[in-house]
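One-letter residues, chain by chain:
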Amino acid sequence: MDEERLTRGSILRLAGVAAASLGAGAWKARDSEGGGAAAVESGALTCVLTPELTEGPYYIPNEKLRRNIIDGHPGTPLILQLAVVDASTCKPIKGAAVDIWHADAAGNYSGFGAGSGNRTFMRGIQKTDARGIASFRTVYPGWYQGRSVHIHVKVHVRGNVVHTGQLFFSDTLTDRVYRNVPYSRRPSRTTRNASDSIFVNGGRKSILSVRPRSAGGYLGKVTMGVQRS
């Protein structure tokens, strides 16, 4: 298993990274002293809710519980580590069901239109572990007309949907990835983040923190603060 292991300490460091990547409004300080991981640990900072964004037209309920959602489709490897924490305490939530779906490198969704021949690619559900982490193995999403590059996500806790949103990538990273095949075989994408109607309504707070992996491809992380009920 080459997916990176996260300790509680690394979750707190990830929370600090998430705060930096999501902007100053991502965390609310109870007082003006201190900050960062130590403040999260001590309770001086409180997570805020991850922005709710539209589900979109391509959701299929009751997907497979699985980590690898590639189904043999080409693309730049992408490992996702999605942390679910209580928005009030920043504590990891164990056993949350994280449900994701996105377009393949060609811009197709499984189960719809050109992707209807295969119902399952780029779709899956994972339960969060004791560290609040759900991990997926996928490929960097492709683009389709009218939307910037994104991943759909739902979080379920005890059978209730506690978050519906979309995860985004920096345009600079997408430009870099799309210089390579199979992405480079398509025309230049039509929509960047700044002109995406969903992104401009809160997507900046849902940009994945992404870095290259030594094994190739990328590792993407984000912390999603949710209310349990």
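Structural data are supplied above this passage.
Each value, and the rule that gives it
Residues numbered from 1 in each chain as written. Predicted model: local features only at pLDDT ≥ 70, side-chain atom pairs only at ≥ 80, totals over all residues. Heavy atoms only, no water. Pairing = 2+ DSSP bridges. Helix = DSSP H or I, 4+ residues; strand = E, 2+ residues; numbered from the N terminus. Axes fitted to C-alpha atoms, helices over the stretch in contact; angles between N-to-C directions. Phe/Tyr/Trp six-rings, centres within 6.5 Å; stacked < 30°, edge-to-face > 60°. Buried < 20%, exposed > 50% of the residue type's maximum accessible area, 1.4 Å probe, protein only.

Undergrad: Account for the sheet that holds strand E3 (residues 77–86), naming residues and giving values.
TA: Across the sheet, four strands lie side by side as E6-E3-E10-E9; this open sheet has mixed pairing. Edge strands, defined here as strands with exactly one partner in the open sheet, are strand E6 (133–139) and strand E9 (209–212). On average, each strand axis in the sheet is tilted by 20° relative to the strand beside it, whichever way the strands run. Pairing analysis gives four bridges linking E9 to strand E10 (residues 218–226), with the strands arranged antiparallel. Following the sheet pairing, Pro212 is matched in E10 by Tyr218.

Undergrad: Help me get a handle on the packing of aromatic side chains, residues and values and all.
TA: Under the counting rule described, the total for this entry stands at seven aromatic pairs. Ring geometry for Tyr140 against Tyr178: centres 6.2 Å apart, planes inclined by 80°, an arrangement best described as edge-to-face. Placement of Tyr140 in the loop between E6 and strand E7 (150–157) and of Tyr178 in the loop between helix H3 (171–177) and E9 is noted, with a sequence separation of 38 residues between them. Comparing Tyr140 with Tyr178 shows no difference in burial state: the two are buried.

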